[in-house]
Amino acid sequence: MQKPILILGACGQIGTELTIELRAKYGSENVVASDIREGSESLMASGPFELLDATNYEAIEDVVMHYEIDEVYLMAAMLSATAEKFPMRAWNLNMNSLFNVLNLAKDRKINKIFWPSSIAVFGPNTPKEHTPQNTIMEPSTVYGISKQSGERWCEYYFNKFGVDVRSVRYPGLISWKTMPGGGTTDYAVEIYHEALKKGTYSCFLNESTKLPMMYMDDAIRATIGLMESDPEKLSVRSSYNLGSMSFAPKEITQSIQKHIPGFKVTYAPDFRQEIADSWPSSIDDTTAKKDWNWKPAFDLDSTTGEMLDNLKKTS
Ligand code: AKB
């Protein structure tokens with residue numbers, strides 16, 4: 001029998017699709033979605049929902065006890081661009097929410113945790129191409145510092161208290177169901193919306209800034225795949241590198257132009273350029289492939305096809 005799952009931050013870009021997929025897989029009644037505010041009508045209507053602040057330990061504990069929750073996916077976070085504007089709020093949200101779920105697991109009130117890390121854990125001194133699983137990590141952003149600290153705490157709770165916490169370092173995620181918010185890689189979603197709406201886009205990164213990216217379907221498959229893996233096979237309890245594709249704004253532009261030939265992009269780099277410049281260009285995910293058979297399915301052109309088709313249908 002499936003034991004109940006709680007998703008914190010269920011209404012965000014990843015949380016929405018994760019909730020839909022977990023409900024399809026394990027039954028709607030077994031997946032409790034929660035967020036600080038209500039989400040899309042379809043998400044709210046498709047199963048149990050709780051208004052919940054991920055920084056409030058007692059409130060989470062009440063929900064965990066009420067539904068007899070077994071696993072928690074903690075998807076609430078402040079992303080890189082917003083975190084630069086509100087450093088203390090970002091630190092409080094990103095760290096306190098993590099401690100809340102780690103401590104619930106330490107006290108055996110829940111049994112398993114998924115917590116997302118990010119390519120932002122790497123910094124300007126990290127090797128840029130094929131960034132290895134273990135390498136120099138000196139993040140220069142507020143968000144990156146919180147994710148790197150989070151990774152250290154996850155590994156610590158696993159080693160000291162046997163907490164079954166699992167994590168991946170997400171690259172930029174491309175999706176059409178829910179908009180991202182406050183990230184540096186968000187341009188790679190906005191560009192599709194603007195291509196269809198206006199035929200032009202002003203990009204906040206320069207044309208040759210290559211970053212690791214992934215289509216959301218792959219990210220959800222990776223997340224659930226890791227959570228379903230045999231714990232004995234997992235050699236990493238900080239966070240796994242997760243690779244798929246890498247491209248620069250000029251390459252995504254060319255990919256869109258195959259469908260919309262007149263599409264034009266101008267470049268006006270802002271403060272997010274410095275964040276992007278500190279991150280890797282491509283990721284070596286050999287360890288994830290070896291430990292739990294990770295394999296991406298989407299490249300840039302298949303992502304573009306999916307994005308344009310689905311956005312046309314829904315707009
Ligand atoms: C961001 O841009 O902040 C995120 C990330 C790479 O973690 N999408």
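Residues numbered from 1 in each chain as written. Predicted model: local features only at pLDDT ≥ 70, side-chain atom pairs only at ≥ 80, totals over all residues.

**Q** Which residues make up the UniProt feature "domain: NAD-dependent epimerase/dehydratase" (unreviewed entry) in the chain, and what values go with them?
**A** Here the UniProt-annotated "domain: NAD-dependent epimerase/dehydratase" (unreviewed entry) positions come out as residues 5-243. Split by type, residues 5-243 is 42% helix and 17% strand. Its first and last C-alpha atoms lie 27 Å apart. (UniProt positions renumbered as here; feature names shortened; annotations may be inferred. Helix = DSSP H or I, 4+ residues; strand = E, 2+ residues; numbered from the N terminus.)

**Q** Lay out the pairing of strand E10 (residues 200-203) in plain terms, naming residues and giving numbers.
**A** Within a regular beta strand, the side chains point alternately toward one face of the sheet and then the other, so they alternate between its two faces. Residues Tyr201 and Cys203 line the buried face of E10, whereas the alternating positions Thr200 and Ser202 sit on a face that is not buried. Relative to strand E14 (residues 264-267), E10 is paired through four bridges, and the arrangement is parallel. Bridging across to E14, Tyr201 finds its partner in Val265. (Buried ≥ 20, exposed ≤ 12 C-beta atoms within 10 Å, placed from the backbone. Pairing = 2+ DSSP bridges.)

**Q** Any chance you could break down the site of the ligand for me, citing the residues and the numbers?
**A** Taken together, Leu79, Ser80, Ser118, Ile119, Ala120, Tyr143, Tyr170, Gly172, Gly183, Thr184 and Thr185 make up the full set of residues adjacent to the ligand. Tallied by class, residues from the shell around the ligand come to five nonpolar, six polar and no charged. Lining the shell around the ligand are residues from two domains, each supplying at least three of them: domain 1 (5-170) and domain 2 (172-213 + 243-314). (Near = placed C-beta within 6 Å. Nonpolar A, V, L, I, M, F, W, Y, C, P; charged D, E, K, R; others polar. Domains from an automatic or database assignment.)

**Q** So what's going on with unusual backbone geometry? Residues and values would help.
**A** One non-glycine residue, Glu68, adopts positive backbone phi at about 55°. By secondary structure assignment, the location of Glu68 is in the loop between helix H3 (57-67) and strand E4 (71-74). The exposed category is assigned to Glu68, around which 10 C-beta atoms lie within 10 Å. In the Ramachandran plot, His130 falls in the positive-phi region, its phi being about 50° despite a non-glycine side chain. Judged by local crowding, His130 falls into the partly exposed class, with 16 C-beta atoms found within 10 Å.

**Q** Kindly report on the domain arrangement of the chain, identifying the contributing residues and their values.
**A** As assigned here, the chain comprises domain 1 (5-170) and domain 2 (172-213 + 243-314). The C-alpha centroid of domain 2 is placed 23 Å from the C-alpha centroid of domain 1. Each partner contributes to the interface: domain 1 provides 26 residues, whereas domain 2 provides 22 residues. Secondary-structure elements contributing two or more residues to the side of domain 1 that touches domain 2 are helix H1 (13-26) and helix H4 (80-85). Classifying every residue of the side of domain 1 that touches domain 2 gives 10 nonpolar, 12 polar and four charged. (Contact = placed C-beta atoms within 7 Å.)

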